[in-house]
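A closer look at the structure
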Amino acid sequence: MKEEKIRLHDKTFKPYIRHERILDAVDGIAREINADFHGCDDIPVILCVLNGSIPFTGELLQRIDFPCQLVSIKLSSYQGTKSTGTVLNVMGLTSSVRGRRVIICEDIVDTGNTIVALKEMLLDKEGASEVRICTLLLKPEVYDKPDKLDYVGMEIPNAFIVGFGLDYDELGRNIRDIYVIDE
Ligand code: 5GP
């Protein structure tokens, strides 16, 4: 891992989680999901929450060993480095999930506003038969919802991070490692 700090827009970030460690977390999640869905006779939906979860979902998908369908959705609750608290449904689902079991793949859960609103929408409005939440990263100090997070790759402190899909105003998504803001 490069030890250098990086600069995105007006902020500096320092190395935090290396790519290999991220992939170890994806391995762990995939093992749990495969164990839970082994031998299923439905075709569960792997739901990629765009854009941040693209690298995570891509890695996870390659490790899933039961027949599944990839569907995407675009939501937004973040501008800059602070959650706005409102979850906007920016783009609809790329395919119907009615009657299907859905595994939401999220890059990071912070307050949980996004994931909980999405879960409710999928169950109440989109007619999913079951919704499980899978997130690569969780900030447990901030998460304040009663909803169970079914699969969690790694817990991290409450700090703003970028890389591996996560952006700061659209920059940084292409970086392999994860970097944390250098206050
Ligand atoms: P929540 O609704 O749980 O408060 O926020 C979830 C969304 O906010 C994530 O999908 C992600 O887009 C964004 N987010 C939360 N924490 C971070 C962070 O540390 N860095 C970046 N880049 N985005 C974050």
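Scroll up a little and you will see the structure.
A brief look at the structure comes next. Keep in mind it's a predicted model, so treat the numbers as computed, not measured.

Describing the pairing of strand β2 (residues 11-17)
With three bridges joining them, strand β1 (residues 6-8) and β2 adopt antiparallel strand pairing. Bridged to leucine 8 within β2 is lysine 11. Remark: two residues form the turn of the hairpin made by β1 and β2, two consecutive strands paired antiparallel; histidine 9 in that turn has positive phi of roughly 50°. Note that β2 and strand β10 (residues 178-181) share four bridges and pair antiparallel. For isoleucine 17, the partnering residue across the bridge sits in β10 and is isoleucine 178.

Comments concerning the packing of aromatic side chains
For the coordinates displayed, the defined rule picks out four aromatic pairs. With 6.1 Å between their ring centres and 55° between their planes, phenylalanine 13 and tyrosine 168 make a pair best called tilted. Of this pair, phenylalanine 13 sits in strand β2 while tyrosine 168 sits in the loop between β9 (161-162) and β10, and the two are 155 residues apart along the sequence. The same class applies to phenylalanine 13 as to tyrosine 168, namely buried. Judged by centre distance (6.1 Å) and plane angle (80°), the ring pair of phenylalanine 160 and tyrosine 168 falls under edge-to-face.

So, unusual backbone geometry
For residues besides glycine, phi is generally negative; the peptide bonds are generally trans as well. Here the bond from leucine 50 into asparagine 51 is cis, since omega is -10°, no more than 30 degrees from zero. Its location among the elements puts asparagine 51 in the loop between β3 (45-50) and α2 (54-63). Phi is positive for histidine 9, close to 50°, though the residue is something other than glycine. Note on placement: histidine 9 falls in the loop between β1 and β2.

A few points about the pattern of salt bridges
Counted by the stated rule, this structure contains 15 salt bridges. In this structure, arginine 132 and glutamate 130 form a salt bridge, with 2.7 Å as the shortest nitrogen-oxygen distance. Glutamate 130 gets classed as partly exposed once you look at its relative accessible area, which sits at 26%. Here lysine 145 makes a salt bridge to aspartate 144, at a shortest N to O gap of 2.5 Å. Residue lysine 145 is classed as partly exposed on the basis of its relative accessible area, which comes to 22%. One continuous salt-bridge network, built from bridges that share partners, spans Lys5, Lys14 and Asp182.

Structural notes on the site of the ligand
Surrounding the ligand, one finds 18 residues, the nearest of these being Thr111, Gly112, Thr114, Ile161 and Asp167. Within the side chain of threonine 111, a nitrogen or oxygen atom sits 2.5 Å from an oxygen atom of the ligand. Glycine 112 is positioned such that a nitrogen or oxygen atom in its backbone is 2.8 Å from an oxygen atom of the ligand. Relative to its unbound accessible area of 510 Å², the ligand is 93% covered by the protein chains. Among the secondary structure elements, those contributing two or more residues to the shell around the ligand are β4 (69-79), β6 (101-109) and α3 (113-124).

Conventions adopted
- Residues numbered from 1 in each chain as written.
- Predicted model: local features only at pLDDT ≥ 70, side-chain atom pairs only at ≥ 80, totals over all residues.
- Heavy atoms only, no water.
- Pairing = 2+ DSSP bridges.
- Helix = DSSP H or I, 4+ residues; strand = E, 2+ residues; numbered from the N terminus.
- Phe/Tyr/Trp six-rings, centres within 6.5 Å; stacked < 30°, edge-to-face > 60°.
- Buried < 20%, exposed > 50% of the residue type's maximum accessible area, 1.4 Å probe, protein only.
- Salt bridge = Lys/Arg side-chain N within 4 Å of Asp/Glu carboxyl O.
- Near = heavy atom within 4 Å.
- Polar contact = N/O pair within 3.5 Å; in protein donor to acceptor, adjacent residues only side chain to side chain.
- Areas by Shrake-Rupley, 256 points an atom, 1.4 Å probe, with all protein chains shown as cover.

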